[in-house]
Amino acid sequence: MKIDFDGVQAFVVIAELGGFNKAARELHVTQTALTRRLQKLEAYLGLKLLDRTTRRVDLTAVGREFLPQARAIVQEMTAAVEQLKDMSRRSTGHFTLACIPSMTSHVLPSVMQRYAELYPGNRIRLLDGTSHEVRNAVLGGQAELGIAVHGEKHPDLAESVLFADALVLLCRSPHALEAHEALTWSDLRDTELIGISSFTATRVFMDYQLAKQGIRLQGNYEVQHHATAINLVAAGVGSAILPSSAFEEGDRPGVRKIPLTQPTVKRKVSLLRTRHGGLSPAAQAFHDLLRATPLG
């Protein structure tokens, strides 16, 4: 059913103020415009709500019966609109963020903590997955924002690079390479490496560099998640090539993070959103905070 809110509002204000002149001033419209609103509503209902003379305006029997319901409609709509306006002004609400797991180790928590301080009533639902899964979540509407490794352009996705994340070697002391301040890819020729699943962007970058050096991946273990690889390194199972953001010195006793050079390989981490349609106030506030925060 199509409800003419302007007409209902006009009827309520006229009835409460007792005249068209006062009602027009209250609604900041001309008396002609106000009359048209009421006439349109009465024509839609097929009923007369007001009796108007040169001296006074009276409610008809139908008008008296309809007034409480009309007043409730106006009050509820006004309250709903004010609530939305307040959400916009205060950037309040809830949203879903899709993110690659490596960002949840150190980079993202600090941003989320700052966001919680600025918007204490907001809630973030976090979906963690591969870059491919993150992109699909944003495209499919399951998440308003996504953080993933920069990938192929998609016509419906807007990507903005947040920072460049260098690949590093993690090894547990004692290790033949632990004394080095930096390593080249060729230095890893005889290193027992824990493999990361071929479905991750990190593995793509790593395999490309190893292939350029003619190095074949050696190791008896392959994992899907960076956190699992870090656990195995800490247990002394082997070493791993991971994004620098996934680990900070001191996270695990005895585990060293050594830069890889010649060349230094960096994956670009991007913020994703759809090109069509705006963000909710809560998501927009997080988007702006993330873009303004130095990362990496």
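Rules and cut-offs
- Residues numbered from 1 in each chain as written.
- Predicted model: local features only at pLDDT ≥ 70, side-chain atom pairs only at ≥ 80, totals over all residues.
- Heavy atoms only, no water.
- Helix = DSSP H or I, 4+ residues; strand = E, 2+ residues; numbered from the N terminus.
- Patch = residues over 30% accessible without salt bridge, like charges linked within 9 Å, V, L, I, M, F, W, Y side chains within 5 Å.
- Areas by Shrake-Rupley, 256 points an atom, 1.4 Å probe, with all protein chains shown as cover.
- Salt bridge = Lys/Arg side-chain N within 4 Å of Asp/Glu carboxyl O.
- Buried < 20%, exposed > 50% of the residue type's maximum accessible area, 1.4 Å probe, protein only.
- Phe/Tyr/Trp six-rings, centres within 6.5 Å; stacked < 30°, edge-to-face > 60°.
- Axes fitted to C-alpha atoms, helices over the stretch in contact; angles between N-to-C directions.
- Parallel < 35°, antiparallel > 145°, perpendicular 65-115°, else oblique.
- Left-handed = near helix turned anticlockwise from the far one by under 90°.
- Contact = heavy atoms within 4.5 Å.
- Nonpolar A, V, L, I, M, F, W, Y, C, P; charged D, E, K, R; others polar.
- Expected span 1.5 Å × (residues − 1).
- Pairing = 2+ DSSP bridges.
- Right-handed = clockwise from strand over helix to strand, strands pointing away.
- Core = buried A, V, L, I, M, F, W, Y, C linked by side-chain atoms within 4.5 Å.

Draft legend 1. Unusual backbone geometry, seen in detail. In this structure, the amide linkage connecting Ser173 to the following residue, Pro174, adopts the cis form with an omega of 0°. Relative to the helices and strands, Pro174 is located in the loop between β6 (157-172) and β7 (183-184). Between Gln262 and the following residue, Pro263, the backbone shows a cis peptide bond with an omega angle of 0°. When you line up the elements, Pro263 lands in the loop between β11 (255-261) and β12 (266-274). Within the chain, His28 stands out as a residue other than glycine whose phi angle is a positive 60°. Locating His28 in the fold gives a position in the loop between α2 (20-27) and α3 (31-45).

Draft legend 2. Looking closely at a nonpolar patch on the surface. A cluster of nonpolar side chains, contributed by Tyr44, Leu45, Leu47 and Val62, occupies part of the molecular surface with about 330 Å² of accessible area. For Leu45, a relative accessible area of 34% corresponds to the partly exposed category.

Draft legend 3. Molecular detail of the packing of aromatic side chains. Per the stated rule, a full pass over the model turns up five aromatic pairs. Ring centres of Phe11 and Phe66 lie 5.6 Å apart, and the angle between their planes is 25°; this geometry places the pair in the stacked category. Highlighted residues: Phe11 in helix α1 (residues 5-17) and Phe66 in helix α4 (residues 61-90), separated in sequence by 55 residues. The residues Phe11 and Phe66 share a single accessibility class, namely buried.

Draft legend 4. Spatial organisation of the packing of α1 against α3. Running from N to C, α1 and α3 point in directions that differ by 110°, and their axes come no closer than 8 Å. Overall, the two elements α1 and α3 adopt an arrangement that is roughly perpendicular. Here α1 and α3 pass one another in a crossing that is left-handed. On α3, the residues touching Asp6, Gly7, Val8, Gln9, Ala10, Phe11 and Ile14 of α1 are Leu34, Arg37, Leu38 and Leu41. Partitioning the contact of α1 with α3 into residue classes produces seven nonpolar, two polar and two charged.

Draft legend 5. Seen up close, α1. The end-to-end C-alpha separation of α1 is 18 Å, in line with the 18 Å expected for 13 residues at 1.5 Å each. Taken together, the buried positions of α1 are Gly7, Val8, Gln9, Ala10, Phe11, Val12, Val13 and Ile14.

Draft legend 6. How the structure looks around the pairing of strand β4 (residues 123-128). Here six bridges tie strand β3 (residues 94-99) to β4, and the two strands are oriented parallel to one another. Along β4, the bridge assignment pairs Thr96 with Arg125. Chirality of the crossover, the property in question, places the unit of β3, helix α5 (residues 107-118) and β4 among those that are right-handed.

Draft legend 7. A look at the nonpolar core. If you look at the biggest cluster of nonpolar residues, it comprises 32 residues, and the most contacted ones within it are Phe95, Met103, Leu145, Ile147, Phe286 and Leu290. Taken together, the elements giving at least two residues each to this core come down to β3, α5, α6 (131-139), β5 (145-149), β6, β12 and α9 (281-292). Considering every element that reaches this core, the biggest residue donor is α9, with six residues. Ignoring sequence-local partners within four residues, the contact set of Leu290 consists of Val111, Ile147, Leu162, Leu271 and Leu295. Val12, Phe20, Leu49 and Phe66 belong to the second-largest nonpolar core, a separate cluster that totals 20 residues.

Draft legend 8. Looking closely at α9. Its 12 residues give α9 an end-to-end C-alpha distance of 17 Å, which sits within 8% of 16 Å, the value for a rise of 1.5 Å per residue. Those residues of α9 that fall on the buried side of the exposure criterion are Ala282, Ala283, Ala285, Phe286, His287, Leu289 and Leu290. In the core, the buried residues of α9 are packed alongside β3, α5, β4, β5, β6 and β12.

Draft legend 9. Structural detail: the pattern of salt bridges. Applying the stated criterion across every chain, the model contains four salt bridges. In this structure, the salt-bridge partner of Asp165 is Arg267, at a minimum N-O distance of 3.2 Å. Here Asp165 is found in strand β6, whereas its partner Arg267 is found in strand β12, with 102 residues between them in sequence. According to the relative accessible area criterion, Arg267 is buried, its value standing at 2%.

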